[in-house]
Amino acid sequence: FCLMAAPGKVAAFRLPPLPTVGEIIKLFRLKALKQLSQNFLLDLRLTDKIVKQAGELKNAHVCEVGPGPGGITRSILSAGVEQLLLIEKDARFIPGLQMLSEAAPGKVRIVHGDILTYKMEKAFPKHLKKNWEDEPPDIHIIGNLPFSVSTPLIIKWLENVSKQDGPFIYGRTQMTLTFQKEVGERLTANPGSNQRSRLSIMAQHLCTVENCFVIPGQAFVPKPEVDVAVVHFTPLVQPKIQQPFELVEKVVRSVFQFRRKYCFRGIETLFPENGRLKRTEQLMMTADVDPTLRPFQLSMSQFKKLCNAYRKMCDEDPSLFVFDYREELRQKKTTGSLLGSTGQPEQTEEENQL
């Protein structure tokens, strides 16, 4: 049996004695599923440390994503939260979470569902809503995410931040989440860093992103092949690039298509073949960005200029925004094979690069 509060910490709320997380795993015969990239964190000092990164949780409303056997859940409850919403996809964990719910009467709500499809707009009471310009609401999202879900989920939530919907309908909701160490490095990478990527720009233009600390792989059961980063996000009052999410995402994705080549090579993929070179030159000149910089060398203000210049061109020619370079490549490939084209290998190589 274990005490929930870390030594020397006065907990606002104390759970009654319960089986340890390890005992819960044995009791309900829970096994981490490799296909769901599950890894359990049993050390309550580490789960306390993760929860501490979220900030002051006394009387807060928290949503925990993928609580699994409930290690982080215990630390959240020990922080004295008002309400805890648990969203768990794997039905095997529900009985163990039910046990925690009974130990904290009236505090825990368990939803058996998928966070990627769960409607967060109605997850919290309306009175918690704050204006976007105000301090963040008393709402937090915390989760030790399976690696397979973490990147698509953060992209989805960044889009929600941009549109101020989903969990951000309540204001600038803060998030404390785990990622593979490499993904954590990408999220916080500065210009010039080898880890600088599409994810760096999308996250940093919308949020303050902090790489809090790294948990060694051996702290998890089963031990993953990589270490794990704990990352904290606070949405910005004003995004660094004031353009629609889809437009920013398209420009950034195009620039990073060929991350080792000059940035103009990726910019070219924004335009149809007919007039591609001329339009690329026009965009680079309007944005005043050096075409021989590599994608990872570009600063946020340079991405902002590229997005603004591209938006101007799209306003003048709306067909530009719906242009899809990959689709053009596919059509060329189909036409080429029908005609027995000799240009085939070059196109295939280009597709491989993409």
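Residues numbered from 1 in each chain as written. Predicted model: local features only at pLDDT ≥ 70, side-chain atom pairs only at ≥ 80, totals over all residues. Heavy atoms only, no water.

For the protein chain, the name recorded in an unreviewed UniProt entry is rRNA adenine N(6)-methyltransferase, with Malurus elegans as its organism. The UniProt entry for the protein chain carries the following comment under Sequence similarities (unreviewed entry): "Belongs to the class I-like SAM-binding methyltransferase superfamily. rRNA adenine N(6)-methyltransferase family. KsgA subfamily." Note on the protein chain: under the UniProt heading Subcellular location (unreviewed entry), the record states "Mitochondrion". (UniProt positions renumbered as here; feature names shortened; annotations may be inferred.)

Colleague: Is there a simple way to explain the overall build of the protein chain in this structure?
Modeller: Check the secondary structure of the protein chain and you find 14 helices and nine strands. The long-range share in the protein chain, meaning contacts at least 24 apart out of those at least 6 apart in sequence, stands at 68%. Per element, the accessible surface of the protein chain, about 17100 Å² overall, is 52% carbon and sulfur. (Helix = DSSP H or I, 4+ residues; strand = E, 2+ residues; numbered from the N terminus. Contact = heavy atoms within 4.5 Å. Areas by Shrake-Rupley, 256 points an atom, 1.4 Å probe, with all protein chains shown as cover.)

Colleague: How should I be thinking about the packing of helix H2 (residues 44-53) against helix H3 (residues 71-78) in this particular structure?
Modeller: When two helices pack together, their arrangement is captured by the angle between the axes and the distance separating the axes. Interaxial distance between H2 and H3 falls to 8 Å at its minimum, and their mutual angle equals 60°. Relative to H3, H2 is oriented oblique. For the pair H2 and H3, the crossing hand works out as right-handed. Across the interface between the two elements, Leu44, Thr47, Asp48, Ile50 and Val51 from H2 touch Gly71, Ile72, Arg74, Ser75 and Ile76 from H3. Among the residues forming the contact of H2 with H3, the class breakdown is five nonpolar, three polar and two charged. (Axes fitted to C-alpha atoms, helices over the stretch in contact; angles between N-to-C directions. Parallel < 35°, antiparallel > 145°, perpendicular 65-115°, else oblique. Left-handed = near helix turned anticlockwise from the far one by under 90°. Nonpolar A, V, L, I, M, F, W, Y, C, P; charged D, E, K, R; others polar.)

Colleague: Any chance you could explain the UniProt feature "binding site: S-adenosyl-L-methionine" (unreviewed entry) in the protein chain here in plain terms?
Modeller: According to UniProt, the positions carrying the feature "binding site: S-adenosyl-L-methionine" (unreviewed entry) are Asn39, Leu41, Gly66, Glu88, Asp114 and Asn144. Topologically, Gly66 is positioned in the loop between strand E2 (61-65) and H3. Residue contacts for Gly66: discarding those within four places in its chain leaves Ile87, Glu88 and Asn144. Its location among the elements puts Asp114 in the loop between strand E4 (108-112) and strand E5 (139-143). Relative accessible area serves as the criterion here: at 25%, Asp114 is assigned to the partly exposed category. (Buried < 20%, exposed > 50% of the residue type's maximum accessible area, 1.4 Å probe, protein only.)

Colleague: Help me understand the pattern of salt bridges in this model?
Modeller: If the charged atoms of two oppositely charged side chains come close together, the side chains can form a pair. Taken as a whole and assessed by the stated rule, the structure comprises 15 salt bridges. In this structure, Arg265 and Glu268 form a salt bridge, with 3.1 Å as the shortest nitrogen-oxygen distance. For Arg265, a relative accessible area of 16% puts it in the buried group. Taking relative accessible area as the criterion, Glu268 reaches 12% and is therefore assigned buried. (Salt bridge = Lys/Arg side-chain N within 4 Å of Asp/Glu carboxyl O.)

Colleague: Explanation requested: the side chain of Asn144 in the structure shown.
Modeller: As for its placement among the helices and strands, Asn144 is situated in the loop between E5 and helix H5 (147-163). On the basis of relative accessibility, which here comes to 15%, the residue Asn144 falls in the buried class. Of the polar contacts made by the side chain of Asn144, one reaches the side chain of Thr178; its length is 3.0 Å. If sequence neighbours within four positions are ignored, Asn144 has contacts with Asn39, Val65, Gly66, Ile72, Thr178 and Phe220. (Polar contact = N/O pair within 3.5 Å; in protein donor to acceptor, adjacent residues only side chain to side chain.)

Colleague: Explain the packing of aromatic side chains here, please?
Modeller: Any two aromatic rings considered together are summarised by their centre-to-centre distance and by the angle between their planes. For the structure shown, the criterion picks out five aromatic pairs. With a centroid separation of 6.3 Å and an interplanar angle of 70°, the aromatic rings of Phe271 and Tyr310 are classed as edge-to-face. Within this pair, whereas Phe271 is found in the loop between helix H9 (263-267) and helix H10 (276-287), its partner Tyr310 is found in helix H11 (residues 300-316), the two being separated by 39 residues in sequence. Here the two residues Phe271 and Tyr310 agree in accessibility, since each one is buried. A cation sits over an aromatic face here: Lys49 above Phe213, 4.3 Å from the ring centre. Of note, Lys250 hangs over the ring of Phe321, and the distance from its end group to the ring centre comes to 5.3 Å. (Phe/Tyr/Trp six-rings, centres within 6.5 Å; stacked < 30°, edge-to-face > 60°. Lys NZ or Arg CZ within 6 Å of the ring centre and 35° of its normal.)

Colleague: Just to check I follow, could you spell out unusual backbone geometry for this structure?
Modeller: A negative phi angle characterises most non-glycine residues, just as the trans form characterises most peptide bonds. Phi is positive for Asn59, close to 65°, though the residue is something other than glycine. Inspection of the secondary structure assignment puts Asn59 in the loop between H2 and E2. Residue classification places Asn59 among the partly exposed residues on the basis of a relative accessible area of 43%. With a phi angle near 55°, Gln164 is a residue other than glycine that sits in the positive phi range. When you line up the elements, Gln164 lands in the loop between H5 and strand E6 (174-180). The exposure class of Gln164 is partly exposed, given its relative accessible area of 39%.

Colleague: Would you take a moment to explain helix H8 (residues 245-255) for this structure?
Modeller: Side chains of residues three or four places apart in an α-helix project in the same direction, reflecting 3.6 residues per turn. For H8, the buried fraction is high: nine of the 11 residues fall into the buried class. Those residues of H8 that sit buried are Phe245, Leu247, Val248, Glu249, Lys250, Val251, Val252, Ser254 and Val255. The inward-facing, buried residues of H8 abut H5, helix H7 (198-204), H9, H11 and helix H12 (319-322).

Colleague: How should I be thinking about the sheet that holds strand E7 (residues 207-215) in this particular structure?
Modeller: Hydrogen bonds between backbone groups are what pair the strands of a sheet, and the pairing can be parallel or antiparallel. Pairing in this open sheet of seven strands is mixed, and the strands run E4-E3-E2-E5-E6-E9-E7 from one edge to the other. Across the chains shown, the open sheet's two edge strands, defined by having one partner strand only, are E4 and E7. Pairs of neighbouring strands in the sheet enclose a mean axial angle of 20°, with direction left out of account. As paired strands, strand E3 (residues 83-88) and E4 are joined by five bridges and run parallel to one another. Across the sheet, Glu88 pairs through a bridge with His112, a residue of E4. (Pairing = 2+ DSSP bridges.)

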